[in-house]
Protein chains: 2
Amino acid sequence: MKHLIAGLRAEGRRLTRPRKAILDVLEKSKYPLSAADVHARLKREQVAVDLVTVYRTLGVLKELGLVAQVELGEGQFRYETRHGREHHHHIRCRGCGRIADLMLCPLKKLTALVERETRFTVEEHSLEFFGWCPKCR
Amino acid sequence: MKHLIAGLRAEGRRLTRPRKAILDVLEKSKYPLSAADVHARLKREQVAVDLVTVYRTLGVLKELGLVAQVELGEGQFRYETRHGREHHHHIRCRGCGRIADLMLCPLKKLTALVERETRFTVEEHSLEFFGWCPKCR
DNA sequence: TCTTAATTGCAACTCGTTTGCATGTATCAC
DNA sequence: GTGATACATGCAAACGAGTTGCAATTAAGA
Ligand SMILES: [Mn+2]
Ligand SMILES: [Mn+2]
Ligand SMILES: [Zn+2]
Ligand SMILES: [Zn+2]
């Protein structure tokens, strides 16, 4: 929560109940959540927050660098907290949709190569795996 | 076009003008196209095909394994032909949206590791880079 | 406590994608 | 070639994720 307050302050933004609650939901989740997921979990916890506010808050948290946006071939975005978590990637089951973390990243060296080859400046990358979990195989 | 015919036949599907035209558009493009892109290019070539048909055809071509679906953080899908092209990845500029191919894949070894660690069977992966191209830097 | 700008909720909207259904046509048996 | 038939298409409507406008609310600082 410390990071949240600092980040908000730095931009003249405010610490509100929805923002705390949304970050809290993300920190408790073991896998990245969609806006609708976050909204559903807030409702379950009796925290009344509009879905629009969830979207706006996820945007703010992303800008502040507190959450990462993840795309897993679903036609929607998911979000996960970055606080206290290493940079990592995911694998998603084509059967049940289960998502697991992959606490690894083989791309440090490759990034330099990509920058040399393309003349782009690399700012970020996404690496996701898709397959079948043991139950769905 | 040979592959297309074979693929369609194998499933009791038909070879139609829209399907040929759409595959043709994809084969001519140097970067992956959205459904709307494909539709616009068809119109420019005076080929009258409904956008819905573009979506349905892209779905069929994907099922047949003739095109790959790519997600580049835009909130939409892009498609590119797989015919005669090696498995590869992309980099997209955060300024102008330019997309370049990265004709490389460092993930053969890693896939085996991922399968061992997660007990998933890996079927596919996505690896995309985001950054700034020389003009936008 | 008061002021003010940031934030929220609600409704309406945009945009990418999908679905239902009547019409059109590629394919195949004759 | 003709006809029968299942597959494909176009159009309209629906859907779902995400965005925007605006009036009402509230956090933050004086
Ligand atoms: Mn994760
Ligand atoms: Mn490509
Ligand atoms: Zn990485
Ligand atoms: Zn690869």
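### Quick look at helix 4 (residues 51-63) of chain B
Since the α-helix turns once every 3.6 residues, residues separated by three or four places project in the same direction.
Residues and elements named next belong to chain B.
In step 1: In this model helix 4 runs 19 Å from its N-terminal to its C-terminal C-alpha over 13 residues, within 8% of the 18 Å that 1.5 Å per residue would give.
In step 2: Along helix 4, the residues classified as buried are V54, T57, L58, V60 and L61. Looking down the long axis of helix 4, one finds its buried residues gathered within 160 degrees of arc, a one-sided arrangement. Pointing more than 90 degrees away from the buried face of helix 4 are the exposed residues R56 and E63.
In step 3: With a side-chain oxygen positioned 2.9 Å from the backbone nitrogen of V52, the residue opening helix 4 is D50.
In step 4: Positive backbone phi, at 80 degrees, marks G65, one or two positions downstream of helix 4.

### Observations concerning the domain arrangement of chain A
Residues and elements named next belong to chain A.
In step 1: Partitioning chain A into domains gives domain 1 (1-85) and domain 2 (87-137).
In step 2: Computed from C-alpha coordinates alone, the two centres of domain 1 and domain 2 are separated by 22 Å.
In step 3: Contacts between the two partners involve eleven residues from domain 1 and, on the opposite side, eight residues from domain 2.
In step 4: Buried area between domain 1 and domain 2, summed over both chains or domains, comes out near 770 Å², and the portion from carbon and sulfur atoms is 60%.
In step 5: Among the residues of domain 1 in contact with domain 2, L72, E80 and R85 are the three that bury the most area, contributing 54% of the side total.
In step 6: A salt bridge links R92 to E74; the shortest N-O distance between them is 3.2 Å.
In step 7: Where domain 1 meets domain 2, there are three residue pairs in polar contact (both at pLDDT 80 or more).
In step 8: Elements supplying a minimum of two residues to the side of domain 1 that touches domain 2: strand 1 (67-71) and strand 2 (77-81).
In step 9: The residue makeup of the side of domain 1 that touches domain 2, split by class, is four nonpolar, one polar and six charged.

### Some thoughts on the coordination of the manganese ion (ligand 1)
Residue and element names in this part refer to chain A.
In step 1: In the first shell of the manganese ion (ligand 1), the protein supplies E80 (OE), H88 (NE2), H90 (NE2) and D101 (OD), at 2.1 to 2.2 Å from the metal.
In step 2: Counting the intervening residues between successive donors of the manganese ion (ligand 1) yields the motif E-x7-H-x1-H-x10-D. Taken individually, E80 and H88 each receive the classification buried, so the pair is uniform in this respect.

### Looking at the interface of chain B and chain A
When the parts come together, some accessible area is lost, and that loss is often what is quoted as the size of the interface.
In step 1: Of the residues lining the interface, 38 residues belong to chain B; the matching set on chain A comes to 38 residues.
In step 2: Together chain B and chain A conceal approximately 3100 Å² of surface at their shared face, both sides included; 64% is due to carbon and sulfur atoms.
In step 3: It is E71, F120 and F129 of chain B that lose the most area in chain B upon contact with chain A, and together they represent 20% of the buried surface on that side.
In step 4: One can count four salt bridges joining chain B with chain A.
In step 5: The salt bridge partner of R94 of chain B is E124 of chain A, with a shortest N-O separation of 2.9 Å.
In step 6: Run the count over chain B and chain A and you get 16 residue pairs in polar contact (both at pLDDT 80 or more).
In step 7: Elements represented by at least two residues in the side of chain B that touches chain A include exactly strand 3 (89-93), strand 4 (99-102), helix 5 (108-118) and strand 5 (121-132) of chain B.
In step 8: Per-element tally for the side of chain B that touches chain A: the top contributor is strand 5 of chain B, with twelve residues.
In step 9: Residue composition of the side of chain B that touches chain A, by class: 20 nonpolar, eight polar and ten charged.
In step 10: Of the pairings in the sheet, the one linking strand 5 (residues 121-132) of chain A to strand 5 of chain B comprises eleven bridges and is antiparallel in character. For E124 of chain A, the partnering residue across the bridge sits in strand 5 of chain B and is F130 of chain B.

The rules behind the values
Residues numbered from 1 in each chain as written. Chains lettered and ligands numbered in written order. Predicted model: local features only at pLDDT ≥ 70, side-chain atom pairs only at ≥ 80, totals over all residues. Heavy atoms only, no water. Helix = DSSP H or I, 4+ residues; strand = E, 2+ residues; numbered from the N terminus. Expected span 1.5 Å × (residues − 1). Buried < 20%, exposed > 50% of the residue type's maximum accessible area, 1.4 Å probe, protein only. Arc of directions from axis to C-beta. Polar contact = N/O pair within 3.5 Å; in protein donor to acceptor, adjacent residues only side chain to side chain. Domains from an automatic or database assignment. Contact = heavy atoms within 4.5 Å. Buried area = accessible area lost by both parts, 1.4 Å probe. Salt bridge = Lys/Arg side-chain N within 4 Å of Asp/Glu carboxyl O. Nonpolar A, V, L, I, M, F, W, Y, C, P; charged D, E, K, R; others polar. Donors = N, O, S within 2.8 Å, 3.2 Å for Na, K, Ca; no water. Pairing = 2+ DSSP bridges.

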